[in-house]
Amino acid sequence: MISVNLSATATMKPAFSRYFSHPLRLSLALLLAAVLAGCASAPAPEPKPKLLVFLVVDGLPQRQITGYRDQLAPDGLARFLERGAWFSEAHYGHAFTVTGAGHATVLSGAYTHRNGIIGNEWRDAQTGEREYCTGDTTATYIGHKTQPLDGTSPKNLRVETVGDVLRAADPRAKVIAVSGKDRGAILPAGKRGTAYMYMAQSGQFASSTYYMQQHPAWVNSFNGRKLADGYFKTQWKPLLEEAAYARSLPDNQRWYGPRGGALPMLMGSPNDDAPGPAFYSQLLRSPFADALTLEFARAAITGESLGQDEVPDILSISLSGHDYVNHQYSAESRLSHDHLLQLDRLLQAFFADLDAKVGRDNYIAMLTADHGFMPAPEYSQAQGRDAGRVNGGQVLTRVNDGLEKRFGPGNWVSYSGSSLLFNRQLLAQTKVDANALAEEARALLLAEPGFAAAYTRRELESGSAAGRPFFEPMRKSWHPLVSGDVQYILKPYWMFGTGTATHGSPYEYDTHVPILAWGPRWVKPGRVDSRVGVVDIAPTVARWLGVAAPSSAEGQPLPLPN
Ligand SMILES: [Zn+2]
């Protein structure tokens, strides 16, 4: 193109020199010459990575990485912290920080208000029927029993992911996602990727009929190895000497419940003589399901030839174990501390294999989390904080009782995601004003101990409560077509239910997650302390892969170290 223009210019030389005799025109000519010279001498553009390895550690708050940094292996998480880019102030912008919402955000760059995944489960806004974030009764697991609310497809995901854009641009690109949880695989895989999830009924990995009718041979041969069974009657033992755990809470805290929790921990019940569903589920609450997930990822790299040609691929790996451990024992526990160290060593071995199989100069690894974690309320109380537990069932009964007093008999509201959903049929029959109902429901909710804020559909739709506490993150967790009518949050350090600890709030402990990247050819090392959002990941990844950001992405490319 340029050479054609230059030769055309040469044949028009007299007119050309007359035109550029004017000083301004001459400077334009010099500028043009400089630009052309720059083009000629510019180095060839950096080739795209052959593979993006996208890691999500389920339920990993940023504070756990910094808290145990000195105990990390030389080339696990430390590869990111010491030789990669580390975004130390990365946060979720949505309020309801749960697995479905987080995994729907990471590769779409869009929070719940756009992606439509308002939680892990909710109720259909019109019918009140229960829905699961990745539920789809038209698809079933391959070779496994499937319940109506099991996760089998991305039907409810309303946005595209980086992988969708990549595969639309070039169908030869492969997008494979694997996780201990169906939602951890299905949502990052988007509409055009392929998801495989751990089956707690069998210890195997399966895809669903949304993606394929039967597994490829490499999946069958992986499952044929029955690797999960190899952990039966083995122990999860602490990795380091006892003194290394002085900074975390000792085992068997009273809030772990009657079963307690301590290392070493036997996998499988002493009475069982063969592995079964209870044992396969237990593996999820240990480092071993993560070891299996990474082993499946290795098999996927070989089986699908990921990162072996010039067309970039994506391998998304969501490691679920940490979330199960933190729910059961909390992020402050010795069990969680050790779990992170075990995970770190698993990552180190995985990186070594990636270096060998794909090549250090051919891939980018990125790591984040779908949400952080709160401390156990009893622990927070012992620290002198206002903390507590909310009995959600009792609250709902009292709210409905209060609504009956004013609006007449009926079951007026139910929980849906992080909102109260109106009974649409009852509303239509009684012709009660929805705004009046919302105001009353909010007043009843905020009279309950532990509730911090609530906004009505009218406020969320109009933005009229902008600037009020937590309105912005709560609005990002609210989708007009999917969510209910009064969106609420609890106070800091409060939670629903009797589990040891959970997540799902707009507070720092839940929103502050790692964003780490490594890939020496594309990512310069350094720590970036400016505040960034999880929605910034997708535009960053898209740029590396040479495709447009997903259409609903609301973030900006991350400010990489330079
Ligand atoms: Zn969780």
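One structure accompanies this document, and this report is about it. (Residues numbered from 1 in each chain as written. Predicted model: local features only at pLDDT ≥ 70, side-chain atom pairs only at ≥ 80, totals over all residues. Heavy atoms only, no water.)

Digging into the coordination of the zinc ion
So, point 1. Looking at the zinc ion, one finds its protein donor set to be Asp323 (OD), Asp323 (OD), His327 (NE2) and His503 (NE2), positioned 2.1 to 2.5 Å from the metal centre.
So, point 2. On the primary sequence, the residues serving as donors to the zinc ion are separated as D-x3-H-x175-H. One end of the pair, Asp323, and the other, His327, are both in helix α13 (residues 321-329), four residues apart, so they sit about a helical turn from each other.
So, point 3. Judged by its relative accessible area of 26%, His327 is partly exposed. (Donors = N, O, S within 2.8 Å, 3.2 Å for Na, K, Ca; no water. Helix = DSSP H or I, 4+ residues; strand = E, 2+ residues; numbered from the N terminus. Buried < 20%, exposed > 50% of the residue type's maximum accessible area, 1.4 Å probe, protein only.)

Focus: the side chain of Ser414
So, point 1. By the secondary structure assignment, Ser414 is in strand β13 (residues 413-416).
So, point 2. What Ser414 contacts, discounting residues up to four positions off in sequence, is Arg123, Leu396, Ser419, Leu420 and Leu421. (Contact = heavy atoms within 4.5 Å.)

A word on the sheet that holds β13
So, point 1. Here four strands make up an open sheet; going across it, the order is β13-β14-β16-β15 and the pairing antiparallel. Whereas interior strands pair on both sides, the edge strands pair on one side only; in this sheet they are β13 and β15 (451-456). Along the sheet, successive strands turn relative to each other by an average axial angle of 30°, direction set aside.
So, point 2. Here two bridges tie strand β14 (residues 419-422) to strand β16 (residues 486-490), and the two strands are oriented antiparallel to one another. The residue of β16 that forms the bridge with Ser419 is Gln487.
So, point 3. The strands that helix α16 (residues 392-407) touches are β13, β14 and β15; relative to β13, the one it contacts most, it runs at about 145°. (Pairing = 2+ DSSP bridges. Axes fitted to C-alpha atoms, helices over the stretch in contact; angles between N-to-C directions.)

A short note on the side chain of Ser330
So, point 1. Here Ser330 lies in the loop between α13 and α14 (334-357).
So, point 2. A residue is classified by how much of its surface remains accessible, and Ser330, at 1% relative accessible area, is buried.
So, point 3. If we ignore the near neighbours within four places in the chain, the residues touching Ser330 are Val325, Ser336, Ala376, Thr500 and Ala501.

A look at unusual backbone geometry
So, point 1. Of note, the amide linkage connecting Leu263 to Pro264 takes the cis form, showing an omega dihedral of -5°.
So, point 2. Mapped onto the elements of the fold, Pro264 is located in the loop between β8 (235-236) and β9 (265-266).
So, point 3. Backbone geometry at Lys431 places phi at a positive 55°, although glycine is not the residue there.
So, point 4. Relative to the assigned elements, Lys431 resides in the loop between α17 (424-430) and α18 (434-446).
So, point 5. Using a relative accessible area of 73% as the deciding quantity, one classes Lys431 as exposed.
So, point 6. Despite not being glycine, Tyr493 shows a phi value in the positive range, around 70°.
So, point 7. Structurally, the position occupied by Tyr493 is in the loop between β16 and β17 (494-496).

A few points about helix α10 (residues 217-224)
Because an α-helix completes one turn every 3.6 residues, residues spaced three or four positions apart along the sequence face the same direction.
So, point 1. Within α10 the residues assigned to the buried category are Trp218, Val219, Phe222 and Asn223. Buried residues of α10, seen end-on, are gathered within an arc of 135° and therefore sit on one face of the element. Exposed and oriented more than 90 degrees from the buried face of α10 are Ala217 and Gly224.
So, point 2. Those residues of α10 that are buried are in contact with β6 (194-198), β7 (205-206) and α12 (288-303).
So, point 3. Following α10 by one or two positions, Lys226 has its phi on the positive side, about 45°. (Arc of directions from axis to C-beta.)

Overview of the environment of Asp309
So, point 1. Topologically, Asp309 is positioned in the loop between α12 and β10 (313-319).
So, point 2. Sequence spacing of Asp309 and Pro216 is 93 residues, and the spatial spacing of their C-alpha atoms is 20 Å.
So, point 3. At 3.0 Å, the side chain of Asp309 and the backbone nitrogen of Val311 are in polar contact. (Polar contact = N/O pair within 3.5 Å; in protein donor to acceptor, adjacent residues only side chain to side chain.)

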